[in-house]
Amino acid sequence: MLVENDGITENPNKLAGDYLNARRAELAQFAMHRQYSQQPELESGYSERQKIHALEDMNYHLQYLAEAVTRESPLLFEDYLRWLKVFLPRVGVGEGDVVNSLAAVKETLSEMMPVELAVLPTRYLAEGMIRMTTLPGDLPTVLGESAPMALLATQYLNSLLRADRRTASRLILEDVEKGASVRDLYLGVFQPVQLEIGRLWQLGKITVAQEHFCTAATQMVMSQLYPLIFRQERNGRTFVASCISGELHEIGLRFVADFFEMDGWDTYYLGANVPTTAIISSLKEQKADLLGISATMPFHLSKVEALIRDVRQSEVGRRVKIMVGGYPFTLDPDLWSKVGADGSARDAQEAVRVGEQLLAE
Amino acid sequence: MELQGSPYSLISLVFLADATGRVLSTLNDTLGLMTPSQNTILQLIDPADRIKAASFLSAISSSGSALCWEMTVPGAGIPQVLQFSACSVSNGLLVMAVGGVSDLMLVTAFAETLDEELQASLLQLVQAHRTQCGTQMVYWDALMQLNNELLDLQRQLAKKNIQLERVLEEKNRVSGMVAHDLRNPLAIMEMYGEYLQEETASSASPQVTEFLAIQQRSLRFMRGMVDDLLDFSAIEAGYLRLERQETDPAALLKEVVTHQCTLARRKGIEIILLPVPACPVLLIDPDKIEQVLNNLISNAVKFSHAGQVIEVRLTVGEGEVEVAVSDHGLGISLENQKKIFQPFGGPRKIGTAGEKSTGLGLAIARRIVEGHGGHLRVQSVLGEGSAFTFSLPA
Ligand code: B12
C-alpha cells in the first residue's frame, strides 16, 4: 500500500520497513546462501538443526531491522544487537559469525532492494557491524551494592524467588512504617527488581513460572500501598493511562499513573484491553488533560501511532496532550515524536515533570 | 546476585523402552536419574504420579506420541517435576525428559551423537515438545492478563473507597457543624421559655400555660436530638474519646436505676434491680456507660405499659461483666431488630405515652459499648417485650 486512505503519501522509511516485512522470508534465504558461499566451512560444519537456527536468526535480523527502519531509530536496532551479543555465544554462535551474517544481509539488501529504499537499512547494518564489537557481552545486574536501596531490593527479590510473597510484602510495609516514601520504593525496589528478574530469566536462572510469580507478587504488594497513594490533595488535573491491546507489560504504566496520583492528579488506569472508542469516551467523561500510552514490545509501536492518530481525530482529542513511554522509548529518546506524541519520559518521576510542563505550555 | 539452586539443572534424560514401559537402554542421563533397579517408566516416576505415567504410556500407544507431560521424579533427594515426551520408533518407544524448555538445547546437542534414524526422531520430538510448550505460553499469558485485570479492578476499588471515605467525612463534618450551630439558639430559646413560664405562672390563661409547656417539651426534645447528633458525628469522625477510670459497675448501675425509677414511677412502671453479685472493678468511662444505661432503661420505660415491670440484671461471666435490661412492653419485630442499631434505622416508634425518640440513641450506645471492646445485642418478641444486653470486658 503506497498511499494511505486519507491521501497522504507514506513516508519512505515506512515503505522500506513494509518492504522488509513483506519479503522477509525470501530475503533471509538469499542472505543465508550468501553467507554460506562466503563461509563454506559453515555450511559443511553446521548440522541440519543449526542450519535451521541460522536461518531463523536471519529472519530475526530482518524483523528488528524493519521496525527500526520504520521508526528511523538505529537505537532500536542497536538494542537488538546488544541482545544478540549476550544471547548467541550461549548457543555456540561466535561474534564473528554474527557480524558476517549481518554483512550478508546488508549485501543482499543492496543487491535486491530498490536503491532509494535500501539507504537506511544498509546504513543501520553497516553501523551495527561496527557497534557490535564495542557492545558489552554480559548482562550486568542493576542491583549492585551502589544502588540506593540495594539491600532492601535484594532481600525483597530473594523472598520472591523463594515463593515467599508474605515476607516480601512485610519487608516493604515495614519500610513504609519506618517512613520510606512510596516513590522511593517504586523506583528503588520494584523497578530494579523487575529488571533483575528479566536478567535472571535471560540467563536461564529462573523459569517462566518464577518470572510470572515475581511480577504478580509485586503487583499485589503495590496494591497494598494504594491507600497511601490515593490520599493526596487533588490538584484538579486528570490523567488517563492506557496500554496497547495485546501488551502484557503494564507495571511501567501503573507506576506512571500512581506517580501522577501521588502528585495530586486524578488518574484513571484503563489497562490493556480497552478499545479506542472506549478510551476516547473515557477521556471525555473524565475531562482528561493528559493521556499516557505505554508500549513495551517494538511491534506494538504502529498500534501506538494508530491510537494517537485516532484520538487526535476525535473532538476531545484536540485538547488532550498525549505522552508515550515504555521500553523502546527509553532506548531511543526521539521515538516519541515519530509516533506523533507530545512527549515522553524515561521513568515515572520524570513523566510527572514532563506532564506538568506540557500542560503549562 | 547469585542464586543458590538454579531451576534449570541441565536435565536431559533420553531412553528407549518397549511398549509396556520397560527400559531397554538409557541413551543419555545427565543427572543419573536412572538406577539399575528402575527398569520401567513406572518405577522411575514418583508413586503419586504413577496413574499419570500409565496414562502416558496408553496415550503413546493410542496416538503414537505424547508431548510435554509433567511428572515428578523422586531423583536423588529433592523431587523434580520433569516434562516427558515420547514417540514410537522402530524398536519401541523413544522417551525424553527435560527440566524445562531451555534443556532442549542439551537434548539437541546430544542428538548429534545418535545414529541417523534415532537422531531424526529425537530432533522431531524436541521440536514437537517445544511447540507444545508454546501452547502452554498462551496460558501463562492469559493468566498474566487475568492478573492484570484483577489489579485494574483493585485499583478502581481502592480509589472509590477513598472517595467514599472523603464523602462520608465531609457529611459528618457538615452534620456536626449544623448540630453545633443549632445548639446555642436552642439553649437560649429554652432559657427564655422557662423564664416566660415562671413569669406568667399566675397571670396567664390556662391555654397559654399549656402552649408554653408544649413548646418547652419540644425544645427539650430538639436539644436532646442535637446533642445526640453531635455525639454521633463525633464518634463517626473517630472522636470517641474514652476517659477510662476504675469504676465499680454495680454502684454505677444502682445510681442510674435509682434516678430512672423516679421517672418510671410517673408512668406507673416499676424498675427492679436484681441482686448484684460480687463484681470486679472495671476500667471504663463511667459517663459514657451511664449514657448507655440511661438510654436502655429509658427506652424500656418508653415502650412499657403502666403497671408493667422492668428488670435490670448484672451478671459476672468469664472475663466480662454483662448488664441486661428486660421489659414486657411492645417488643420489636425480627426485621426491625436488624435496623435499630443503625442511625435513624429503626421505625420511628412512639412510646406508649406518646414519647418520641431521636433515632440515634441505640446507634450511639452500640458504638460506646464497642469502643470499650464489648457487645450490645437485643432479644425480643413482638408484643411480648425486649431484652437489651451489653457486655464489658473485665
Ligand atoms: C515483567 C516482564 C514481563 C511480564 C509483564 C507482566 C506485567 N504485568 O507487566 C510478562 C511475563 C507478561 C512478559 C511477557 C513477555 N515479555 Co517481558 N519482560 C518483563 C521484564 C522482566 C520487566 C518489565 C518491567 O516490569 N519493567 C519495570 C517497569 C517499571 O519499567 P518500564 O516498563 O520500563 O516502565 C518505566 C518507563 O519505561 C516509563 N514508562 C512506561 N510506560 C510509560 C508510559 C508513559 C506515558 C510514560 C511517560 C512513561 C512510561 O516509566 C516506567 C516507570 O518508571 C522485562 C525486562 C526489561 N529489561 O524490561 C521483559 C521484556 C520487556 N520482555 C520481553 C519479552 C521478549 C517478552 C515476551 C515476548 C516473552 C515471551 N516469549 O513470552 C512476552 C510478550 C508479552 C506481550 N505480548 O506483551 C523483552 C522485550 C525485548 C524487546 N524489546 O524486544 C524484555 C526486555 C526482556 C528481554 N530483555 O528479553 N514480560
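Keep in mind it's a predicted model, so treat the numbers as computed, not measured.

Caption draft 1: Region of the structure containing the interface of chain A and chain B. Residue-level contacts link 43 residues of chain A with 28 residues of chain B. For the pair chain A and chain B, the summed buried area comes to about 3200 Å², and 56% of that belongs to carbon and sulfur atoms. Its largest share of buried area at the contact with chain B, chain A owes to Arg49, Phe230 and Leu248 of chain A, together 22% of the area lost on that side. Counting every contact that joins chain A to chain B gives 5 salt bridges. A salt bridge links Glu165 of chain B to Arg231 of chain A; its shortest N-O distance comes to 3.2 Å.

Caption draft 2: Region of the structure containing the pattern of salt bridges. Residues and elements named next belong to chain A. Enumeration according to the criterion identifies 34 salt bridges over all chains in this entry. Among the salt bridges present, the one from Arg170 reaches Glu174, with a minimum N-O distance of 3.1 Å. Linking Arg170 with Glu174, this pair stays in helix α9 (residues 165-177), spanning 4 residues, or about one helical turn. Assessed through its relative accessible area of 41%, Arg170 is described here as partly exposed.

Caption draft 3: Representation of the site of the ligand. As a structural note, the neighbourhood of the ligand is formed by 41 residues, with Gln191, Leu248, His249, Glu250 and Ser294 of chain A the closest of them. More than one chain approaches the ligand, the contributing ones being chains A and B. At a separation of 2.7 Å, an oxygen atom of the ligand approaches a polar side-chain atom of Gln191 of chain A. For the ligand, a nitrogen atom lies 3.1 Å from a polar atom in the backbone of Gly246 of chain A. Looking at the shell around the ligand, the elements with two or more residues in it are α10 (182-202), α11 (208-224), α13 (251-262), β3 (290-294), β4 (321-325), α16 (327-331) and α18 (348-360) of chain A together with α4 (116-200) of chain B. Among the elements that take part in the shell around the ligand, α10 of chain A stands out by supplying 6 residues, more than any other. The residue makeup of the shell around the ligand, split by class, is 19 nonpolar, 17 polar and 5 charged. Shared between two domains, the shell around the ligand takes at least three residues from each, and those domains are domain 2 (150-227) and domain 3 (232-360) of chain A.

Caption draft 4: Representation of the sheet that holds strand β4 (residues 80-89) of chain B. Residue and element names in this part refer to chain B. The antiparallel open sheet is built from 5 strands, whose spatial order is β2-β1-β5-β4-β3. Two strands close off the open sheet at either side, each with one partner strand: β2 (23-29) and β3 (65-73). Geometrically, the sheet is characterised by an average inter-axis angle of 20° between neighbouring strands, direction not taken into account. In this sheet, strand β5 (residues 92-98) lies alongside β4 in antiparallel orientation, the contact comprising 7 bridges. Paired with Cys87 across the bridge in β5 is Leu94.

Caption draft 5: A look at the coordination of the cobalt atom of the ligand. With respect to protein ligation, the cobalt atom of the ligand binds only His249 of chain A (NE2), at 2.2 Å. Relative to the assigned elements, His249 of chain A resides in the loop between β1 (238-243) and α13.

Caption draft 6: Molecular detail of the domain arrangement of chain A. Residues and elements named next belong to chain A. Segmenting chain A into domains produces domain 1 (3-132), domain 2 (150-227) and domain 3 (232-360). A straight line from the C-alpha centre of domain 1 to that of domain 3 covers 32 Å. On the domain 3 side, the residues contacting the 9 residues of domain 1 number 14 residues. When the two sides are added together, the surface that domain 1 and domain 3 hide from each other amounts to roughly 980 Å², 55% of it contributed by carbon and sulfur. Three residues stand out in domain 1 for area buried against domain 3, namely Arg71, Leu76 and Asp79, and they jointly supply 52% of the buried area on that side.

Quick notes on the rules
Residues numbered from 1 in each chain as written. Chains lettered and ligands numbered in written order. Predicted model: local features only at pLDDT ≥ 70, side-chain atom pairs only at ≥ 80, totals over all residues. Heavy atoms only, no water. Contact = heavy atoms within 4.5 Å. Buried area = accessible area lost by both parts, 1.4 Å probe. Salt bridge = Lys/Arg side-chain N within 4 Å of Asp/Glu carboxyl O. Helix = DSSP H or I, 4+ residues; strand = E, 2+ residues; numbered from the N terminus. Buried < 20%, exposed > 50% of the residue type's maximum accessible area, 1.4 Å probe, protein only. Near = heavy atom within 4 Å. Polar contact = N/O pair within 3.5 Å; in protein donor to acceptor, adjacent residues only side chain to side chain. Nonpolar A, V, L, I, M, F, W, Y, C, P; charged D, E, K, R; others polar. Domains from an automatic or database assignment. Pairing = 2+ DSSP bridges. Axes fitted to C-alpha atoms, helices over the stretch in contact; angles between N-to-C directions. Donors = N, O, S within 2.8 Å, 3.2 Å for Na, K, Ca; no water.

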